[in-house]
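A closer look at the structure
Spelled out from the first residue to the last, the chains are:
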Amino acid sequence: MSDRINGENIIDSSIMGYVNASEDIFLEYLQFLGGRKIEPKFQIINPAFGGQERKHYFDSNFKNYNIETDDFLWHKNDVIQSNDTLPLDISRGCIFSCKFCNYPHLGKGKFDYIRGMDKLRNELIYNYENFNVTNYIIIDDTFNDSVFKLENFCNMTKTLPFKINYNAYVRADLCHRFPVMTDLLSESGLFGAYHGLESLHPLASKLVGKAWSGNQAKDYIPELYHNIWNKKIPMHLNFIVGITHDTKESILDTIKWFKENQLHSIKFDQLLLYGPDNNKNKLTILNEFDKNGPKYGYDFFDSDDGIEWKNNNWNNISAYSFSTEMNELVREFIKAPSHISAALLSFGFTKDYIMNTLYKDYPWKPQVLNQEVNLNKDYFFKLQNL
């Protein structure tokens, strides 16, 4: 997001917290503005795309929030509607430390920061009884980071007097390593698995910390989609353009493999790097490639547009243009991306339709567009009458 509109600075502060929960930071910030508490911990950063410096709040002085005991419930003023697909927060942090990733709190313990299943069950029942909601997006960085977590979640869902549908980020390599995970996921209501494979090139995948993708994904992903899950769960495969060792030819081979195996959906994202100088970044968290670029084949240099990068086969411009080109290419034969599958159920599409219809053939106009307009009207009407 730009920090300026028509030359005017529109953001004077920002907040980011994860395990250092924004829930605490934001409340403390509001109390500080009201003169009741000391200011949360901050640093001065340069905003993206120009503009003035701002305060970036990254930690609170007093710790209250704990996801393990979080008893969050939506309020009637949130105007939740029965067709909504709601976010579901089950755990914080990620047990992995992929070298391209700038998410906070990487490398956590497997059993750290997991929400109590009794609290989660109460929220699901509350949402069903008050809003008739059964569709969710699980926002965990890695939902299937342990068998323990999935077993507890699956057992909890079996006690519900209704079925839920959800989509989530799922590590395919963990499903391969712990086969019981695939049953636990499908039995608990998974309808949409997002897999970050990043690259099928053996050297490139190893470089980013996902060597499994370059060695076993080509065999296992089709097996999981067609035989283990019997084409009943949408699987989205995400790849990164710009990784050292990867080439245009290897990415085109990935698309060929995808088509030949009649898989569900695929997308290519450009590699985003900002270099080691944190003061010039719009991010405050640097990934391993940012910190130690030359070690992984990346060089950084200044330009009029900011920090740019290059390696043996790519630079930030060619990675962007080729990823855009590939996404246009695959658009003709992909089905609906898994991370919107639960939302598509909310719009009235059946599971069979989602599994078998090309994304480009969806009746966006007039069916979806008209429904969205009506839902928005209903939402604003209810909002105005609170």
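Everything here concerns the structure above.
Here's a quick rundown of the structure. (Residues numbered from 1 in each chain as written. Predicted model: local features only at pLDDT ≥ 70, side-chain atom pairs only at ≥ 80, totals over all residues. Heavy atoms only, no water.)

**With respect to the packing of helix α3 (residues 147-158) against helix α5 (residues 180-188)**
- In contact at an axis separation of 9 Å, α3 and α5 are set at 30° when each is read in the N-to-C sense. In terms of orientation, α3 and α5 fall into the roughly parallel class. The handedness of the crossing between α3 and α5 is left-handed. Residues V147, L150, E151, F153, C154, T157 and K158 of α3 touch α5, and the partners they reach there are V180, M181, L184, L185, E187 and S188. (Axes fitted to C-alpha atoms, helices over the stretch in contact; angles between N-to-C directions. Helix = DSSP H or I, 4+ residues; strand = E, 2+ residues; numbered from the N terminus. Parallel < 35°, antiparallel > 145°, perpendicular 65-115°, else oblique. Left-handed = near helix turned anticlockwise from the far one by under 90°. Contact = heavy atoms within 4.5 Å.)

**Comments concerning helix α2 (residues 117-131)**
- Look at α2: 20 Å from first C-alpha to last across 15 residues, which is about the 21 Å you get at 1.5 Å a residue.
- Buried positions along α2 lie against β6 (85-88), β7 (135-138) and α3.
- N132 lies just past α2 and shows a positive phi near 60°. (Expected span 1.5 Å × (residues − 1).)

**Description of empty space enclosed by the protein**
- Under the counting rule described, the total for this entry stands at two cavities of 30 Å³ or more.
- Of the voids in this model, the largest cavity is the one considered here, and its volume is about 70 Å³.
- Contributing to the lining of the largest cavity are Y169, V170, R171, A172, D173, H195, G196, L197, K210, W212 and S213.
- Those elements giving two or more residues to the lining of the largest cavity turn out to be α4 (172-177), β9 (190-198) and α7 (211-215).
- In terms of residue count, β9 provides more of the lining of the largest cavity than any other element does, three residues in total. (1 Å grid on protein atoms, 1.4 Å probe; cavity = no way out; pocket = protein on both sides within 12 Å on 5 of 7 lines; lining within 4 Å. Points joined across faces, edges and corners; volume = space filled by probe spheres on them.)

**Points about the packing of α2 against α3**
- Orientation of α2 relative to α3, taken along the N-to-C sense of each, is 40°, at an axis distance of 10 Å. Classified by the angle their axes make, α2 and α3 are oblique. Every pair of crossing elements has a handedness; the one defined by α2 and α3 is right-handed. Contacts from M117, L120, R121 and L124 of α2 reach α3 at K149, N152, F153 and M156.

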